[in-house]
Every structure is written in structure tokens, then in C-alpha cells.
Amino acid sequence: LRKRNFQSGKKGGTGFPEAFPCLFQALHQLYYDPNIENKNLAQKWLMQAQVSPQAWHFSWLLLNMDKVPEIQYFGASALHIKISRYWNDIPADQYESLKSQLFTQITRFAGGSKIVLTRLCVALASLALSMMPEAWPCAVADMVRMFQAEDSNVDGRARCLALLELLTVLPEEFQTSRLPQYRKGQVRSVLAQECGSVFPLLEQLLQQQDSPGFIKQKVLKCFSSWVQLEIPLMDCENLIQAAFTSLQDPELFDTAVEAVVNAISQPDAQRYVNTLLKLIPPVLGLQEQLRQAVQSGDMETSHGICRIAVALGENHSRALLDQVEHWQSFLALVNMIMFCTGIPGHYPVNETTSSLTLTFWYTLQDDILSFEPDKQAVYQQVYRPVYFQLVDVLLHKAQFPSDEEYGFWSSDEKEQFRIYRVDISDTLMYVYEMLGAELLSSLYDKLGRLLTNTEQPSTWQHTEALLYGFQSIAETIDVNYSDVVPGLIGLIPRISISNVQLADTVMFTIGALSEWLADHPVMINNVLPLVLQALGNPELSISSVSTLKKICRECKYDLPPYAANIVAVSQVRTSQCMWLMQALGFLLSALQVEEILKNLHSLITPYIQQLEKLADETPNPSNKLAIIHILGLLSNLFTTLDISHHDDDHESNEVKKLPVQQGPNPVVVVLQQVFQLIQKVLSKWLNDAQVVESVCAIFEKSVKTLLDDFAPMVPQLCEMLGQMYSTIPQASAIDLTRQLVHIFAHEPAHFPPIKALFLLVTSVTLTLFQQGPRDHPDIVDSFMQLLAQALKRKPDLFLCSNLDVKAVFQCGVLSLKFPEAPTVKASCGFFTELLPRCGEIAPVGQVVHENGKVLLQAVLEGVGGQASRSLMDHFAEILFALNKHCFSYLSVWIKEAMQQESFPSARVSPEQKETFSQQILSRERVNKRRVKEMVKEFTLLCRGLHGTEYTADY
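This section reports on the structure supplied with the text. Computed from a prediction, not measured in an experiment: that's the story for all the values here.

1. What about the environment of L502?
Mapping L502 onto the fold places it in helix α24 (residues 500-512). The residues touching L502, leaving out its near neighbours within four places in the chain, are W460, T463, E464, L467, I495, S496 and I497.

The following block contains the structure:
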């Protein structure tokens, strides 16, 4: 770089003047052109200009005072980019002149445009970070001295603001700088030492009576920025106290809160316990201001004070708990946070503060429970009552507002309240670890008193909140041994349900107790009628169906006496009908085959009749939705209807298990009965992917649930799938074929139909490839997965004389070049299954040896930049398999491939290609992890990304 490029522009830059008019034109387009395409083009060109060598020249010219602020801002930004990203381009003998120029420009803009001043300060900050400590040992002290020097041209207050801006952005620029790690530690330590030049100035400005508010605000922001450099807390003491004083000034309040919170929250602060203890009294001193803010509805002030209390408590609870002699002052802080948790009003409409405190209670509990037993017992004595109080406070905060008030809430406010209640639920579940069974007893006693007190009728909100507390704990904690659950089950029917929210919570509470009901079946009758009654209410569809599903899953062996009633009630129309069908599947699984068939008949006959009617109609959008709906109901029913009890927990249900039933499986019986009807539906809807998918889903769910019991259906299903796929190929048909191959291909009795279907699907798909497969990435994806599954489960399929292995191989290579990542991933999966079969399956070995170079070429193209970087591990798997099973061939192929010019990328040199080839063929080839690392490294070189910021998380 030439010396003149770093000067203020008087000498002109090499080769740039011709482009200068373009620069102004591009800036005008960026800021003023209404056309978004023109803006984008201008932005792209300007970004290139900013990183060009000429930027050193034009950036100074753009800072001329006759330019508008937007243009000046671009010039200042270009300077920052050049200094921060291209520091190594600057000759060392230019540092001083660059520094001097920046000081001059900052002084000029001290009373000018704020956005330009800030960018210039950021540029100087970046320069300082790159120079310190060697080239600029006392950078911060120099900055302070430079701006404190008298300068008749610039107003003193403007100079002060410019200095504060520079001191504020310096730590911020450090946090985002790209300094190497070793330099970052070195510079952080220098900055921490230099705070001695900054803090006295900040203290002086805060204490001066005549300092205007905007100066004090800037001082607090500057302090807030510096404390994040892990400066010892005791060095910040005076400024923290000054920030506490500033909390009384409404104009400074928000900035002072930020400063105090940042100072208290720095991780290193816990080392300075004496300073932390000194901070408790000023925090407690804010309680009166907090109460007044709450009374007057000043949410901003109460929010800010709560943030300070929580920052001290949450970040340093362990350190403060350790100071046993100060336990009362810390308890006072805990009680202050309790006040913030229970702040009056409904979240998020009347207050937004209480949610800030919830994490504190987790932290405090963890710290108490981490002490050794003796010390823990002492703290439990002090804090158990606090946590019982917390439960009362949280349940009060979880209460719904009055129906009238809730009606005025927006949908967004209702959603925020729902999330807030989930957070409270999580906290209650966590608190159970501290309070144990006594917590459940306490909730039960309160609920009992509430429901039996006839003199003082309670609000539904109070009842709902107590039940919600029970539900929160029972959902995640094993309450099977609790002695209060029988009483709770007895109380539930006494609840007067007059409201949807209460009814929902009653339902979810019963659902949370379903495992307990399975161990105490005599109590099922207490709550099941409530659930069945709720099924008829559309507003309770989610909670009632969810609860019924849980009961049917957990208690199915105890439900036969209620089965007929449940099936009858379940005929209701509900938005959750799919879930309801799953519930009924669980229920029917425990009945005798005759009973199952009888109930199935009453349950699905209306749907079958409707489907028969729809099958006769001319296809149109409305009957399509009805068909898909009915097929979906059957799929969900067959997902859980399993008389062989594959999914049962053997230990818990061993005693209750019914004997394995003889005879045909009820699901198979039903499927055989409706098979012709399904074929009739298909004949009219074969070219509709959604209907075909719904049909396949019925059989796929049934196969997954029934496994070997599905066997009687295999021949006719294979025949139907073959007809479907031959007529119009669709991915869902291949996916179902893959399921059949997975479960039945290894069984001699079912091999012939499976083999015939596999060969037919392969033949049709190969024809599709000849016609052009680009429009069918989903089919190609599913086909590759089918081939991989066949190689896993039944490699013999590749020995069939009428399977064109070479064509299949070529299809796989072609699929590797698809732009869709899932398709490429599936293709890689196929090859990682195929290559290990080279030795045992002669046709596979022959094809790989003759065509393997083409495969390697495709893999290297992908690695070279044709494929997404997220796929590199999958390509590495193919290279690993080639290495392991075709090493002698690979060593020749890779040498030939790499000799091609600009292959696999023009960005890699012949030396880099040679290095990669040697690595792949080295002894490390047997280490899959290393092969993956080699491929990742090489792909970055091929893409020109090696050593850039983009590779940090790769």
C-alpha cells in the first residue's frame, strides 16, 4: 500500500477518481431511490467499495463538512472496516498519522452529526485495540488528555461528550473485535488497568453540581460499558454508589439501572464478597421507592428496581449465603424479591416484573441444596417457610382475572399469560424437591377447606389455581406413593365447574394422575364420568380428549367394564377426533377379540358408509377433504390398536396382561373388509398425492403397530402397491414398500411378493430417471432410502437377474447432484450400504469396480462446492467406504480425478489437491472421524472460506 492512501485525500488515490462519481451515485441510490432492487444493487457495490484499497482515499473525502451526514457516515464506516478487518495492510510507520487524522476528525465532528461522531469513535477504538499495548502503551490516558486539552475551536461540553462517546465505544468494540485469543486476553488486561484513567473522570462528572442530565446519562452509559471488562468490583464501588443515587432522578433512572445491573452481574464480582455485602443496604433502601411505584402504577420504575434486586440475589446467592453472620440482611433481600414475585396485578397487563424473579428461586434452592447436610439443615430451617410462602404467592399470581376483565385481554396478552403460567408450573415442580410431600399435603388441605367451606364460597379462580399447582407437580413427579391423591380424587367430583378454564384444569389434573389411577383402578369411576361428560363440550375438546387418551393408555386393562360407554360417548364430533381415535385404539387393545370387533363395528361403520358414498362421487375438493379425514381417523385408530401389547411396560403390567389371543388380528380383519373400498377410492384419486399418502398411511401405521401380525395382508397389499406405483409413481408408495421390506423381506413365506414389488418399483423408477427425475426429488429421496433398506435387510434382492444394478448405481450418482439436501443425504446412505457389499454380491462388485470413478467424481464435486456444507459428513462416509472396500481402485481414481484442471474447485492449488489425496489414502483412512475432518477442511479450501469467520462454528 502506498503512503498516500492513508492521508486525508489531498494527493488522490491510485486509479480511483474515475469511480468517484459512481460512489456518489450509488450512495444516492442507497439512501434515496424508492426502488428496492436499485437499493440492493447499490448496497452490494458499496460493500465492495468499502473493502477496496481505494477506500483509504475516498473515506476521508466523504467526511468533508460540505457532505450530508449519510455520506459522511459511509466514509466513517469505511474507515472502521479498513482498520478493523485489514489492519495488517497498514504499514507501521503510518499508525501515528492515522491516529492523528482520526483525533482531528472526531474533534471536528464533536459538535456535528452524532451518528458520524460515533462511527469515527468506533474507528479510533479499533485502531487503539490493534495498537495497544506495544505501539500505543497508554492509549486511554492519551485519549483523556487529548480531549481535556483546551481547544478554542471546540466547545468544552461538546469535547466532553465526544470523549465520553469514545470511552463508551472502546469496551464495546473490544467485545466484538476479531482479535486473536491470546491478544484478546492481553488487551483486556491493559484496558482493566487503564480504568484508573477513566473512573476518576466519570466520578467527577457525576458529582459536579452543574453537570447537565445528558452528560450524567452519558457517564452512566460509559461506566456500564467498562464494567463488562471484568474490572474488580471494589474498583467500581464509588461509581455504583453514585449510580444508586442517580436512581432518584427520573431522567437518569433507566441508565442507572443498566449500570448497576451490569456491574453486579459480571461473573468476577463474586470474588469481592465485602463489596457485595456493602451493596445489600442500598438495594434494600430502594424498597420505599418500589412500593410507591407499585401504588402509582409506575411499571418502569418497579421493573428497574426488581432487576437490581434480582441481579444481586441471582448472581451471588451462594457467596452471600456463605456469609452466615449476615444471614438476616440476605434474608431481607430474599423477602424483597418475594415482594417483586408477588407484585400486585395480573401479568402481563398490570405488571411485567414478577416473571423476572422466577430464575432466582431456582438458583437459591440449588445453592441451599448444594451445602453439606449439617449446613443445609440450618438453611432449610430458615428457607422452607420462605418457599411455602413462595408457593402461595405463585398460585395467587397464576390465578385468572375475572371473566369480564379477561374478556378485554388481547389474544397476545392471553398467550403471554399462558406462557407465564407454564413458567410458574415449572417453578412449582422444581420447588417440590425442596418441600417434598408436605407441599402436596398443604395444597390438598387448602383445596379441601376451599371446597367444604359453605359460609365463604370461593371464586373459581382460587380453586383452579390450587388444582393447577397439583397438576404442575403430578405431571412430572411420581406421586404414586402420595397419601393425599386418594383424597384429591375424592374432592374433584365436588368441584362446581362453571367455567372453561377451571374445567380444562380439572381435565389436565385427572390426566396427570392417570398413572396413579392405573395402580388404583377402584378410583377410576370417580373421575371417568367427568371426562366423558366433557367430551361433549367443544370448548374442552383438547383437555378432555388428551385426558381420555392418557387414561386409555395407562389404565386400559381396567377399562373393559366402561368400554361400551366410552365408545358410545366418543361418537361426538370433536376437533380432536384424531387423538380420540388413538385413545380408543388403546382402549380396545385390552378387550377380547370378539368385543374389539363388535366395538369396531359400531365405531367405524358410519365412517365406512360415508366413505362408500364418497367413493361413488365425482372427485372434487370438498369430498377430497372428507376422504382424507376418514382415512386419517382409521390411521390413528390403527396406530394404537395392538392386541399383542408390543409397547407395554413388561414390569408394571405383567400381572394384568391378557393372554396372547388366537385368531386373526382385528385390525387385519377390518383392513380386509375395507380393502376393496380403499381400492375403489384409489382408482378415482390415484393422481392425487394427498389421498394416496392417506391410504398408504393407514397401512404404514398398521404395519408399524402389528409387525408380524400384519402378515396375512402382505400379498394383496404388495399387489395393490405395485398397481398404484405403475400407474402414477408417488413417494408415499415407496415409503410403504420400504416398511414391508424392513419387516417381511427376510421371511421366506413373504419374500416372493416383496421381491416382485421391489423389482417393479425399481423398474418404474429407473424409467422415471430416463425421462428426467428433477421434478420428483421426493420420489428419488424415497427410492434411495428403499435401496438402502433392501441392502440392510435383504441384500439377496440385488442378486436378482432382472435387477439392473448398473442403472441403479447410475441413478444413485445422479441423485448425489440434486440441490435438495435430504435427497443427497439419502443417496449417500444408499452408497454407504452398497459399497460394503462389493465382496459378497458379485453384480455389485462388478458395477462398483467399473463405475466407481464416476461416483468418486460426483462426491468430489459435492465437496468442491456443488453441495451444501451440511452434507460433508455424508460425503465423507462414502469416501470412508470406498477406502475400506475399494482401496486399490480408489488410489488410482483419486489421482486421475485430481489431475483435471480447476477440479473440484478453481480455488485449490495442485499442492492442496495432492495433500488431500495423500491424507485420504494415508493410514488415517481407517479413522472415520479423521476422514470427516479432512473433508471439512478441504471443502473450506474449495469454497475460499478457510480461515475466515464463517468457519468458526463449522
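2. A short note on the packing of helix α12 (residues 253-265) against helix α15 (residues 299-321)
At a minimum axis separation of 9 Å, α12 and α15 run at an interaxial angle of 5°. Between α12 and α15, the angle falls in the class roughly parallel. Contacts between α12 and α15 involve F253, V257, E258, V260, V261, I264 and S265 from the first element and E300, T301, G304, I305, R307, I308, A311, L312, N315 and H316 from the second. Among the residues making up the contact of α12 with α15, the classes are represented as nine nonpolar, five polar and three charged.

3. A short note on unusual backbone geometry
Here M132 and P133 are connected by a cis peptide whose omega angle stands at -5°. The residue P133 is located in the loop between α6 (114-131) and α7 (139-148) in this model. In this chain, F903 is followed by P904 through a cis amide linkage whose omega measures 0°. As for its position among the elements, P904 is in the loop between α43 (887-898) and α44 (910-921). Even without a glycine there, the phi angle at E230 is positive, about 60°. Summarising the element assignment, E230 is placed in the loop between α10 (213-226) and α11 (237-246). Of note in this structure, S902 is not a glycine but carries a positive phi near 60°. In this structure, S902 sits in the loop between α43 and α44. You can call S902 partly exposed: its relative accessible area is 48%.

4. So, the pattern of salt bridges
For the structure shown, the criterion picks out 33 salt bridges. Across the salt bridge formed by E554 and R553, the nearest N and O atoms sit 3.3 Å from each other. A residue is classified by how much of its surface remains accessible, and E554, at 23% relative accessible area, is partly exposed. Taking relative accessible area as the criterion, R553 reaches 38% and is therefore assigned partly exposed. A salt bridge links K680 to D616; the shortest N-O distance between them is 2.5 Å. In this pair, K680 sits in helix α33 (residues 666-685) while D616 sits in helix α30 (residues 593-616), placing the two residues 64 residues apart along the sequence. If you follow the salt bridges from partner to partner, you end up with E924, R929, R930 and E933 in one network.

Criteria and thresholds
Residues numbered from 1 in each chain as written. Predicted model: local features only at pLDDT ≥ 70, side-chain atom pairs only at ≥ 80, totals over all residues. Heavy atoms only, no water. Helix = DSSP H or I, 4+ residues; strand = E, 2+ residues; numbered from the N terminus. Contact = heavy atoms within 4.5 Å. Axes fitted to C-alpha atoms, helices over the stretch in contact; angles between N-to-C directions. Parallel < 35°, antiparallel > 145°, perpendicular 65-115°, else oblique. Nonpolar A, V, L, I, M, F, W, Y, C, P; charged D, E, K, R; others polar. Buried < 20%, exposed > 50% of the residue type's maximum accessible area, 1.4 Å probe, protein only. Salt bridge = Lys/Arg side-chain N within 4 Å of Asp/Glu carboxyl O.

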